[in-house]
Amino acid sequence: MVAAETAISDIDGREGVLSYVGYDIHDLAPNATFEETCYLLHNLELPNEQQLEEIKEQLGREREPNDFVMELMPQLSQNTAPMSMLRTACSASSARDPDGWDTSEGANYRKAMRLIAVFPTLVAYYDRLRKGHPLVRSDASLSLAANFLYMLKGDKADDEEARIFDICLTLHADHTMNASTFAARVCAATLSDIHSAVTAGIAALKGPLHGGANEQVMRMIKEIKEPSKARDYIINRLRNKEKVMGFGHRVYKTEDPRATHLRRMAKELAEKSGDGNNYEISQEIEKAVMDEKGIYPNVDFYAASVYGYLKIPTDLFTPVFACSRVSGWTAHVREQYADNRLIRPDHAYVGPERRSWKPLSQR
Ligand code: CMC
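Along each chain, residues carry numbers from 1 onward, in the same order as the chain's sequence is written. The predicted origin of the model limits local features to residues at a pLDDT of at least 70 and limits the giving and counting of side-chain atom pairs to 80 or more, whereas totals for whole chains, interfaces and linings rest on all residues. Side-chain measures were taken over the full set of non-hydrogen atoms in the model, leaving aside hydrogen atoms and water.

Peer 1: Before we move on, can you summarise the pairing of strand β1 (residues 9–12) with the specific residues and values?
Peer 2: The classification of residues rests on relative accessible area computed with a 1.4 Å probe and restricted to protein chains. Under 20% of the type maximum is buried, over 50% is exposed, and intermediate values are partly exposed. Secondary structure counts use DSSP, requiring at least four H or I residues in a row for a helix and at least two E residues in a row for a strand, with both numbered from the N terminus. By the alternation rule, side chains of β1 split into Ser-9 and Ile-11, which are all buried, and Asp-10 and Asp-12, of which none is buried. When DSSP finds two or more bridges between a pair of strands, those strands are recorded as paired. In the sheet, β1 pairs with strand β2 (residues 17–20) via four bridges, with the strands oriented antiparallel. Residue pairing for β2: Asp-10 is matched across the bridge by Ser-19.

Here's what the structure looks like:
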């Protein structure tokens, strides 16, 4: 069933192809930066040099949360889980947006850029606040990816790690009518504002069947502890009719093309770190799930190892997914506004036939 027309991305689930505005993800991953990807998703063309400079400048300038959000952050860091913080902070960001309640095309583009720019800062500040560490202010000379790692850890990442994280952001940026993007579009289609639509997207991404799976993958790897124990663990899990997180997909019937890049990057980081344990456990899990169920890993499976090797705390994996997917959500929301029709699906009623009201005394 087609829920919406879109020119932003496309998937061929049988062939395992994902493209953004016609560009294959296998072409984008090694070549595009996340800033170029954002431009592509929002403008439906790759940027020329000047356009790239403009979007980099814009995404570099808008990284600090507004005062209202900054006042909330200490409370949020102490009292909420990371995705709940992001959901609340995104909603609160609307309060002092410089474009206010202007819903023009130009204002929505600027709001989209602000959200893309500020999400990584929110995640980094949250982590530093909860640990009692001093905040690290953003460095506009760094790419969005390198700056996030810097603000989170306080040290600048080396070029290889920053580039790997940059590729992760590109790989997660958009994925047609996934649950969170659809949620954002449904909200936008009521002509609600862009912050509300993105907040709906965050809420949908949070669940373990969607973006929350990457965190569960790392918890599983930690539970397994060593490669030799992976197969029995998986067999046991499947015997108990439990799902293995990071596997399966509603659309892909073959390998998720994003997993191919994430597997390679996990291997590179494992070699670089000199500690291949998580990667080896992941490989054993992958083999066991394929042997037992014939199911392929999805984007969340090797993303967990990559983020682990980048020393990103496990409970920030899903917020990191959101830092990328906000580029896709906002592009879809703008596309929805541009040619809007209320999204109102039909249903199949399975309840009782029509019947008469029973007074309380007869029930
Ligand atoms: N582990 C074990 N069995 C699985 C898994 C899995 N991860 N995924 C699917 N199956 C089995 C399922 O048990 C069913 O088997 P049977 O026909 O014998 O009952 C069959 O495959 C079809 O599964 P389904 O749940 O009906 O498929 P779906 O299209 O409704 O669900 C999915 C897709 C992604 C929700 C599901 O594969 C799943 O729950 N995976 C684990 C969670 C996960 O990794 N989510 C991230 C998805 S990709 C990134 C994103 O979108 O955020």
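Continuing now.
Peer 1: I'd like a description of the site of the ligand, backed by residues and values.
Peer 2: Each residue is tested against the molecule or strand, and it is near if at least one of its non-hydrogen atoms lies within 4 Å. The immediate surroundings of the ligand are formed by 20 residues, with His-210, Lys-243, Val-244, Gly-246 and Arg-250 found nearest. Here an oxygen atom of the ligand sits 3.5 Å away from a polar atom, N or O, in the main chain of Gly-211. Whenever a nitrogen or oxygen atom comes within 3.5 Å of another N or O atom, the pair is scored as a polar contact, on the condition that within protein one atom can donate a hydrogen and the other can accept it, and that pairs from neighbouring residues in sequence are kept only if both atoms are in side chains. One of the backbone N or O atoms of Gly-246 is found 2.8 Å from an oxygen atom in the ligand. In the complex, 66% of the free accessible area of the ligand, which totals 920 Å², lies under the protein chains. When residues are grouped by polarity, Ala, Val, Leu, Ile, Met, Phe, Trp, Tyr, Cys and Pro land in nonpolar, Asp, Glu, Lys and Arg in charged, and all others, Gly among them, in polar. Partitioned by chemical class, the residues of the shell around the ligand number ten nonpolar, six polar and four charged. Computed with a 1.4 Å probe, the accessible areas rest on the Shrake-Rupley method; for each residue, only the protein chains presented here act as cover.

Peer 1: Run through the packing of helix α4 (residues 67–79) against helix α5 (residues 82–93), naming residues and quoting values.
Peer 2: Direction vectors running N to C along α4 and α5 enclose 160°, while the axes themselves pass 10 Å from each other. Overall, the two elements α4 and α5 adopt an arrangement that is roughly antiparallel. Judged by the twist between their axes, the crossing of α4 over α5 is right-handed. Contacts from Phe-68, Val-69, Leu-72, Met-73 and Leu-76 of α4 reach α5 at Met-85, Thr-88, Ala-89, Ala-92 and Ser-93. Of the residues in the contact of α4 with α5, the class split is eight nonpolar, two polar and no charged. A fitted line through C-alpha atoms represents every axis, and for helices the fit uses only the stretch in contact; the resulting angles, taken between N-to-C directions, go from 0 to 180 degrees. By definition in this entry, angles of less than 35 degrees are roughly parallel, angles greater than 145 are roughly antiparallel, angles of 65 to 115 are roughly perpendicular, and the rest are oblique. Note on convention: near helix rotated counterclockwise from far helix by under a right angle means a left-handed crossing. Clockwise means right-handed. Any two residues having at least one pair of non-hydrogen atoms within 4.5 Å are treated as being in contact.

Peer 1: Lay out the domain arrangement of the protein in plain terms, naming residues and giving numbers.
Peer 2: What marks off one domain from the next here is an automatic or database domain assignment. When the domains of the protein are assigned, the result is domain 1 (9–208 + 316–338) and domain 2 (213–309). Its C-alpha centre places domain 1 at a distance of 25 Å from the equivalent point of domain 2. With 30 residues of domain 1 in contact, the opposing surface of domain 2 contributes 28 residues. Buried area is calculated as the accessible area (1.4 Å probe) missing from two parts once they are joined, with the contributions of both summed. For the pair domain 1 and domain 2, the summed buried area comes to about 2300 Å², and 66% of that belongs to carbon and sulfur atoms.

Peer 1: How would you explain a positive patch on the surface if you had to name every residue and give the values?
Peer 2: The patches described consist of residues with a relative accessible area above 30% and no salt bridge, like charges being joined within 9 Å and nonpolar side chains (Val, Leu, Ile, Met, Phe, Trp, Tyr) within 5 Å. The term salt bridge refers to a side-chain nitrogen of Lys or Arg lying within 4 Å of a carboxyl oxygen of Asp or Glu. His is not counted, nor are the chain ends; Lys and Arg add positive charge and Asp and Glu add negative charge. The location of each charge is read from NZ of Lys, CZ of Arg, CG of Asp or CD of Glu. The grouping of Arg-14, Lys-243, Arg-250 and Lys-253 at the surface amounts to a positive patch. Relative to the helices and strands, Lys-253 resides in the loop between α12 (230–239) and α13 (257–273).

Peer 1: Hey, could you go over the packing of aromatic side chains for me, with residue numbers and the actual values?
Peer 2: For Phe, Tyr and Trp, rings pair up if their centres lie within 6.5 Å, where Trp contributes its six-membered ring, and each pair is then called stacked (planes under 30 degrees apart), edge-to-face (over 60) or tilted (otherwise). Following the criterion strictly, the structure yields six aromatic pairs and no others. On the basis of an interplanar angle of 50° and a centroid distance of 4.6 Å, the ring pair of Phe-247 and Phe-301 is categorised as tilted. Here Phe-301 lies in helix α15 (residues 299–309) and Phe-247 lies in the loop between α12 and α13, a separation of 54 residues in the sequence. The exposure class assigned to Phe-301 is buried, which follows from its relative accessible area of 0%. Relative to Phe-317, the ring of Tyr-307 lies with its centre 5.4 Å away and its plane at 65°, an arrangement referred to as edge-to-face. One end of the pair, Tyr-307, is in helix α15; the other, Phe-317, is in helix α16 (residues 317–338), and ten residues separate them in sequence. One exposure class covers both Tyr-307 and Phe-317, and it is buried. Among the aromatic residues, those joined into a cluster by ring pairs are Phe-148, Phe-165, Tyr-307 and Phe-317.

Peer 1: Before we move on, can you summarise helix α10 (residues 194–205) with the specific residues and values?
Peer 2: Expected span, for any helix, means 1.5 Å times one less than how many residues it has. With twelve residues, α10 ought to run about 16 Å at 1.5 Å a step, and its terminal C-alpha atoms sit 16 Å apart, in line with that. Of the residues making up α10, those classed as buried are Ile-194, His-195, Ala-197, Val-198, Thr-199, Gly-201, Ile-202 and Leu-205. Looking at the buried residues of α10, the elements they touch are α5, α6 (105–131), α9 (179–188) and α16.

Peer 1: How would you sum up the pairing of β2? Please name residues and give values.
Peer 2: Hairpin connection between β1 and β2: a loop of four residues separates the two successive antiparallel strands, and Gly-16 in this loop has a positive phi of roughly 75°. With two bridges connecting them, β2 and strand β3 (residues 23–24) associate as antiparallel partners. Across the sheet, residue Ser-19 finds its bridge partner in β3, namely Asp-24. Between β2 and β3, which pair antiparallel and follow one another directly, the connecting turn spans two residues, one of which, Val-21, has a positive phi of 45°.

Peer 1: How would you sum up α6? Please name residues and give values.
Peer 2: Between its first and last C-alpha atoms α6 spans 40 Å; for 27 residues at 1.5 Å apiece the expected length is 39 Å, and the two agree. α6 sits mainly inside the fold: 21 of its 27 residues count as buried. Backbone geometry just after α6 places Gly-132 at a positive phi near 75°.

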